[in-house]
Amino acid sequence: VPGTVRVLARELAEPLHAANAAVADGVRADLARRGLRAVNLLSAPGSGKTTLLEATARQLAGRFRLGVVEGDLATDRDAARLRRVGVPAVQVTTGNACHLDATLVAAALPRLPLADLDLVVIENVGNLVCPAAFDVGAHAAVVLLSVTEGDDKPAKYPLAFRTADLVVISKSDLGPACDDFAVARAEACVRELGNTAPLLVLSARSGAGLDAWCRWLTGLRAPPAGRLSGAITP
Amino acid sequence: VHEAALCAALLARVEAVARAEGALRVSRVRLRLGPLAGVEAELLARAYALARAGTLAAAAELAIEVAPVRVRCRDCGAESGAGPRHLRCGACGSPATQLLSGDELLLAGVDLVAPAREGTTGVR
């Protein structure tokens, strides 16, 4: 009969992030083939990501080389800061986008001297909401929380803190001025999210805790190329 | 903030499926969304209402099924229901849990309106 139609129900069960996830898996595998690991560094704006990386580069100078993919809404100020301390850094400006995705990272990586590096740090856009939802191809995620923020921040931003492999409490030198921040309360909030990741308390300014941080970072060094199949995070 | 970009990708995929099936239009888009996916259902629905204009899904309803948050304990092995901010084991209280469900963002399926096959009885 002309004009009649039928309704077809089609079951798909396709992840909407499938395209990004495939690119991210490619980034991870490519880095692993080069004997490299990547860390996704997340925090709210102003928690001290770039300052920590500057201090890290000074601490590890001559023995462990970082390269940085720097995500920002605009300006290349952070990448310029890192270059001044001898860290190869490429700036990715996301315009109005609130996060890096795997495609942006994949395009930026060839601009780093990968053969000379021990570790790639992906410094994400300062934002604890959107970046947490996008796999950028890193092998591990670190979330920074400074003592000038609330110690209940993990409860407010469960996405970022639930999947972190390490939580860094930064700006510990300001602890005396921020005595309402209790590391134990921050830790309890992280545990409530079902995350058993370690917490590290440090100050990039005073140097306190930097040794432990650098040990954690250098411990991520990839096994000899070819032996690693993919992500170490769940 | 990325709900609009997500809708564009969603509709591109929905239209591709509809074309491959020879559909005239899409009557329903079904999503399965976990509270830990990082997407607000209400924002997504608003973005979708704008993004669907001019596509085969221009009149298609967006049905969002919310997935439950469930965890498995690495210590005692129990599986339990949890909340998006409370993911300890419901049986022993351990924080060492693994997420079984709750972070999914899936295009579960689509309902398509297609021309009736010759010799079959369709619905008007």
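Remember, it's a predicted structure, so these values are computed and weren't measured experimentally.

> Please give an account of the interface of chain B and chain A that cites residues and values.
Taken together, the 39 residues of chain B in the interface contact 33 residues of chain A. Taken over both partners, the interface formed by chain B and chain A buries close to 3300 Å², and the fraction arising from carbon and sulfur atoms is 57%. Of all residues in chain B, the largest losses of buried area upon contact with chain A belong to B:His2, B:Arg85 and B:Arg88, amounting jointly to 16% of the total for that side. Our enumeration of links across chain B and chain A arrives at five salt bridges. B:Asp103 is the partner of A:Arg162 in a salt bridge, and the nearest nitrogen-oxygen pair spans 3.8 Å. Applying the counting criterion to the chain B and chain A interface returns 18 residue pairs in polar contact (both at pLDDT 80 or more). Of all the secondary structure elements, the ones that give two or more residues to the side of chain B that touches chain A are α1 (3-20), β1 (25-33), β5 (97-101) and β6 (105-115) of chain B.

> Provide a residue-level description of the sheet that holds strand β6 (residues 140-146) of chain A, including the pertinent values.
Residues and elements named next belong to chain A. Taken in spatial order, the seven strands line up as β4-β3-β5-β2-β6-β7-β8 in an open sheet, and their pairing is parallel. Two strands bound the open sheet, and with one partner strand each, they are β4 (89-93) and β8 (199-201). When the angles between neighbouring strand axes are averaged without regard to direction, this sheet yields 20 degrees. Note that strand β3 (residues 66-72) and strand β5 (residues 119-123) share five bridges and pair parallel. When the sheet's bridge partners are listed, Val-68 is paired in β5 with Val-121. Across the sheet, helix α7 (residues 183-192) touches β6, β7 (166-170) and β8, and the angle it forms with β8 is around 160 degrees.

> How would you explain helix α2 (residues 41-51) of chain B if you had to name every residue and give the values?
Residues and elements named next belong to chain B. Looking at α2, one finds that the buried residues are Leu-44, Ala-47 and Tyr-48. Around the axis of α2, the buried residues are gathered within 105 degrees of arc, so they sit on the same side. Relative to its buried face, α2 has exposed residues pointing more than 90 degrees away, namely Glu-42, Arg-46 and Leu-50. Those residues of α2 that are buried are in contact with α1, β1 and β2 (61-66).

> I'd love a proper account of the packing of helix α2 (residues 49-60) of chain A against helix α3 (residues 77-84) of chain A, names of residues and values included.
How two helices pack is summed up by the angle between their axes together with the distance between the axes. All names here are of chain A. Contact pair α2 / α3: the axes reach a minimum separation of 9 Å and the direction vectors enclose 15 degrees. Judged by the angle between their axes, α2 and α3 are roughly parallel. For the pair α2 and α3, the sense of crossing is right-handed. In this structure, α2 uses Thr-50, Thr-51, Leu-53 and Glu-54 to contact α3, whose residues at the interface are Asp-78, Arg-81 and Leu-82. Residues belonging to the contact of α2 with α3 are distributed by class as follows: two nonpolar, two polar and three charged.

> Account for the confidence of the model for chain B, with residues named and values stated.
All names here are of chain B. Taken over all residues, the pLDDT of chain B has a mean of 92, while the share at 70 or more is 94%. Ranking the helices and strands of chain B by mean pLDDT puts strand β3 (residues 70-73) first, with 98, and α1 last, with 91. As scored by the predictor, the complex reaches a pTM of 0.88 and an ipTM of 0.85.

> Account for the nonpolar core, naming residues and giving values.
A:Val68, A:Leu119, A:Val121, A:Val142, A:Val168, A:Trp213 and A:Leu217 are the most contacted members of the largest nonpolar core, which has 28 residues in total. Ignoring any residue separated from it by four or fewer positions in sequence, one finds A:Val142 in contact with A:Val39, A:Asn40, A:Leu41, A:Leu42, A:Leu166, A:Val168, A:Trp213 and A:Trp216. Counting 27 residues, the second largest nonpolar core, distinct from the first, contains B:Val26, B:Leu31, B:Ala37 and B:Ala57.

> Explain the pairing of β3(A) residue by residue, including any values.
Residues and elements named next belong to chain A. Of all seven residues in β3, seven are buried; the element is thus mostly enclosed. Residues Leu-66, Val-68, Glu-70 and Asp-72 point to one face of β3 and Gly-67, Val-69 and Gly-71 to the other, with burial holding for every one of them. Relative to β4, β3 runs parallel, the two being bridged by five bridges. Within β4, the position partnered with Asp-72 by the bridge is Thr-93. The parallel pair β3 and β4, bridged by α3, forms a crossover whose chirality is right-handed.

Definitions and limits used
Residues numbered from 1 in each chain as written. Chains lettered and ligands numbered in written order. Predicted model: local features only at pLDDT ≥ 70, side-chain atom pairs only at ≥ 80, totals over all residues. Heavy atoms only, no water. Contact = heavy atoms within 4.5 Å. Buried area = accessible area lost by both parts, 1.4 Å probe. Salt bridge = Lys/Arg side-chain N within 4 Å of Asp/Glu carboxyl O. Polar contact = N/O pair within 3.5 Å; in protein donor to acceptor, adjacent residues only side chain to side chain. Helix = DSSP H or I, 4+ residues; strand = E, 2+ residues; numbered from the N terminus. Pairing = 2+ DSSP bridges. Axes fitted to C-alpha atoms, helices over the stretch in contact; angles between N-to-C directions. Buried < 20%, exposed > 50% of the residue type's maximum accessible area, 1.4 Å probe, protein only. Arc of directions from axis to C-beta. Parallel < 35°, antiparallel > 145°, perpendicular 65-115°, else oblique. Left-handed = near helix turned anticlockwise from the far one by under 90°. Nonpolar A, V, L, I, M, F, W, Y, C, P; charged D, E, K, R; others polar. pLDDT = per-residue confidence, 0-100. Core = buried A, V, L, I, M, F, W, Y, C linked by side-chain atoms within 4.5 Å. Right-handed = clockwise from strand over helix to strand, strands pointing away.

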